[in-house]
Amino acid sequence: MTASEIRRQFLEFFKSKGHHVVPSAPVVLKNDPTLMFTNAGMVQFKDYFLGNKVAEWKRVVDTQKCLRVTGKQNDLEDVGIDTYHHTLFEMLGNWSFGDYFKKEAIAWSWELLTEVYKLPKDRLYVTIFEGDASENLEKDQEAYDFWKKHISEDRILMGNKKDNFWEMGDTGPCGPCSEIHVDCRPDAERKLVDGATLVNGDNAQVIEIWNNVFMQFNRLQDQSLHPLPAKHVDTGMGFERLVRVIQGKFSNYDTDVFSGTIDHIEKLTGAKYEGTDSKKDVTFRVLADHIRAICFTIADDQLPSNTGAGYVVRRILRRAVRYYFTFLDRKKPLLHELVPVLAQQFDGVFPELIQQQDFVKKVIFEEENNFLRTIESGIRRIEDFIAANSKTKLVDGQTAFELYDTYGFPFDLTSLIASENGFQVDEAGYKVAMEQQKTRSRAATELDMGDWTILEDSGTTFVGYSLDTTHTKVTKYRKIKAKGKEQYQLVLSQTPFYAESGGQVGDTGTLDFNGEKISVTDTKKENDLIVHFTDKLPATINTTVTATINKDKRLQTTLNHSATHLLHAALRQVLGTHVAQKGSLVNPEALRFDFSHFAKVTDEELAQIEDIVNEKIRANIPVVIQELPKEEAMKLGAMALFGEKYGDIVRVVIMDPHYSVEFCGGTHIGSTGELGLFKFLSEGAVAAGVRRIEGVTGAHALAFVNEQLQQLKEVKAVLKNPKEPVKAVETLIADKAGLEKQLEVFEQEKVKQLAAGLLEKAEKVNGINFIGSVVSVNSADALKQLCFQLKTELTDYVFVFAANVGGKANVAVMIADNLVADKGLEAPKIIKEKISGLIKGGGGGQKSFASAGGQETDKLDQVIKAVKEIL
């Protein structure tokens, strides 16, 4: 049975049990402050469990992309070393939102495994929660009794809180769980050791295959447990493990989930995968795993970067590059070549990858190229360190951390290079430096959220599409603390405040509590909850409140949001239909639009795009907004954004059905003419294959045009109002270039004359030909030329020249190569130890030549004297 057939049978089985098949949510999260990535199948259903939102379907089934590389559920360092941990994996899940509970979940999981997948019953074990006295939680007798109907009691094992009480995080929905484990060992081994003794014992062949979580409680900030409004079922089965078991393999990587990727790596590298614990085979597993995480996060609109979720993606990619660079001796990009293999494999399951195949491949290629150059720089850094520390034979912890932090070197790679050169690495010092960085990082992002104080158990209705003020009530509130600042979050029964989403900033405004006005400083989404930020609470919160948005700010933001739709369509019309939105920011002042494109947008193309947008503005096209079934919207040609999660009913914004039709939840104008005018501010690259355009609309666009015209007027005045100002500027530039060339000739002649005069002043100092002088030149480069002029006239020399250039101190030091080797004299060292302090500056260079600059010009004579004293 192939992996595709196994997945299909799971979905069809639960569909036959009345479950609605739903698509996977994006792996990258956007409206959840507690998580960067979807790390479990239940994440997209959190609001159902918490009672914030009513489920459209009481029973659903899906296969969810999950990523576990951050926080408590971090499997990254195990990936490749063993045969069953992964960064990105599929979680097959069936769900009940207040419908069926333990009886059905247990019966169906047993039926699917033993009757559909035909797993041998004598290889299966189940665990249930044994209870926990410290939390006053009893044994899950209910689950035990249901399991007795399907499996012998000696195969029902007790599990502690760590293994059999599932929690989403430090707070949130939780409950007892019942796991199903399978013993994959050969029969001979099973006869020797009872499989029951190996369950939850980290045995690579006795593994958990399915977890049935029975959501009953909500964990609050004070760690107390409170019953949820309704009981739910949340199950998760690791797809990769399931395939391994059904296909009778001893490793996930031997199944057809990974074999196609591994075969392609063999073709690309000429190496052979043998399935051992060798570094080479670990590398194959790392690459086959990591490329999945890299591809799907990028396809879900998370580009590699130096912060947040982007840094996690970059770290996974660099880990893969380090492995093939070191253990497959591959010195050129490899990962990007695996993208088409993966795209074809998941076409029809996660189609977003094949739809963006070229873009994802380009991003990965650029990241690989950049990091391969960094690796070479890191190797030079450690080689220089080893050469300079041959006596101690020790790489200190701070240097090891620098190699990790700056060059991406893992500790084991630094240790490997060190040991090859007879060095040791201070591992304890490295761990201290690493922990200090983690502490700084935690402090910078620490968010302390209190528990919600619930005044009324209801959700939130957004009325801001049609109203800018409404009478409402606070349903719950809490205090938060971020970076030392205390704030409050309020949820209203209905609100006109738009929560930051889709690039549009959140509304600000006021909440009027019977005359006491509280400012709303921001509005954000927490999953599907609209949260209003304030700096204080009213004296009386349990009363009717008038919520009013800042209308002018909303209007200006709305103008810019509508402009991004016109811009997106114009970009696709001029540059091609490969253009897709990769991010945006719309606020009252301006708009920023990121899009996929592999070349700089030319001035001619920009002019054409701007003309199209302004033509649509002048046409005053009505902006039509409809709520439609998703399939009907797709037939209209509506563009969906990659990385966004859409329900079965979607909001569609239409600006001429033949021009712009997009899924969008943002606020928009009534007709395009309200924009007035659109102007570009800038265009440039922000990442591999991603360009960014910034622009303005309305009054801001008019102000920009007027400012440009005023500057042109002032330039013309300076040029004496020529009829053709551009030609006048070109003439001015040409004249300047000519004068600079003349000046360069004069400077070179002056340097020759200076060199001839200085040669006569050469003196012997301790057997060394020394020339030192404060000279009058017009550039720092002239000092360098002076040194190189004189080096052809003398041997065994040390030169030091200083000059006041434009009010700044400039110094050049040159030392003969033989003196560098024999006497240990080094120009950068002399600058650092003797010169930098005198001129209040710094510099550097090679051992035989270095230069420096600084603020102090009245101590140049002391610079010459200081160098002479060294000799």
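This text goes with the structure placed above it.
An account of the accompanying structure is given in this report.

The rules we used
Residues numbered from 1 in each chain as written. Predicted model: local features only at pLDDT ≥ 70, side-chain atom pairs only at ≥ 80, totals over all residues. Heavy atoms only, no water. Helix = DSSP H or I, 4+ residues; strand = E, 2+ residues; numbered from the N terminus. Buried < 20%, exposed > 50% of the residue type's maximum accessible area, 1.4 Å probe, protein only. Phe/Tyr/Trp six-rings, centres within 6.5 Å; stacked < 30°, edge-to-face > 60°. Lys NZ or Arg CZ within 6 Å of the ring centre and 35° of its normal. Polar contact = N/O pair within 3.5 Å; in protein donor to acceptor, adjacent residues only side chain to side chain. Contact = heavy atoms within 4.5 Å. Salt bridge = Lys/Arg side-chain N within 4 Å of Asp/Glu carboxyl O.

Regarding the environment of Ala821
- Tracing the backbone shows Ala821 in helix α23 (residues 817-823).
- Residue class for Ala821 comes out exposed when judged on its relative accessible area of 62%.

Things to note about the packing of aromatic side chains
- On inspection of all chains with the given rule, the structure shows 31 aromatic pairs.
- Relative to Tyr404, the ring of Phe401 has its centre 6.3 Å away and its plane inclined at 40 degrees; by these criteria the two rings are tilted. Taken together, the residues Phe401 and Tyr404, both in helix α14 (residues 397-407) and three residues apart, mark about one turn of the helix. An identical accessibility class is assigned to Phe401 and Tyr404; each is buried.
- Among the aromatic residues, those joined into a ring-pair cluster are Phe45, Tyr48, Phe49, Trp95 and Phe97.
- Cation over ring: Arg155 sits above Tyr125, and NZ or CZ is 4.5 Å from the ring centre.
- Directly above the aromatic system of Tyr465 lies the positively charged group of Arg651, at a separation of 3.6 Å from the ring centroid.

What to know about the side chain of Asp594
- When you line up the elements, Asp594 lands in strand β24 (residues 591-596).
- In this structure the side chain of Asp594 is engaged in a polar contact, spanning 2.7 Å, whose partner is the side chain of Arg692.
- Among residues more than four places away in sequence, those in contact with Asp594 are Ala580, Gln581, Lys582, Gly583, Val686, Val690, Arg691 and Arg692.

Points about the pattern of salt bridges
- Applying the stated criterion across every chain, the model contains 41 salt bridges.
- In this structure, Asp163 and Lys162 form a salt bridge, with 3.7 Å as the shortest nitrogen-oxygen distance.
- The shortest N-O distance in the salt bridge between Glu402 and Arg381 comes to 3.0 Å. Here Glu402 is found in helix α14, whereas its partner Arg381 is found in helix α13 (residues 357-388), with 21 residues between them in sequence.

Remarks on α14
- Regarding α14, the residues found buried are Gly397, Thr399, Ala400, Phe401, Leu403, Tyr404 and Tyr407.
- Sitting at the amino-terminal end of α14 is Asp396, which places a side-chain oxygen 3.2 Å from the backbone nitrogen of Gln398.
- After α14 finishes, the residue Gly408 shows a positive phi value of roughly 75 degrees.

Interpretation in functional terms is not warranted from these geometric data alone.
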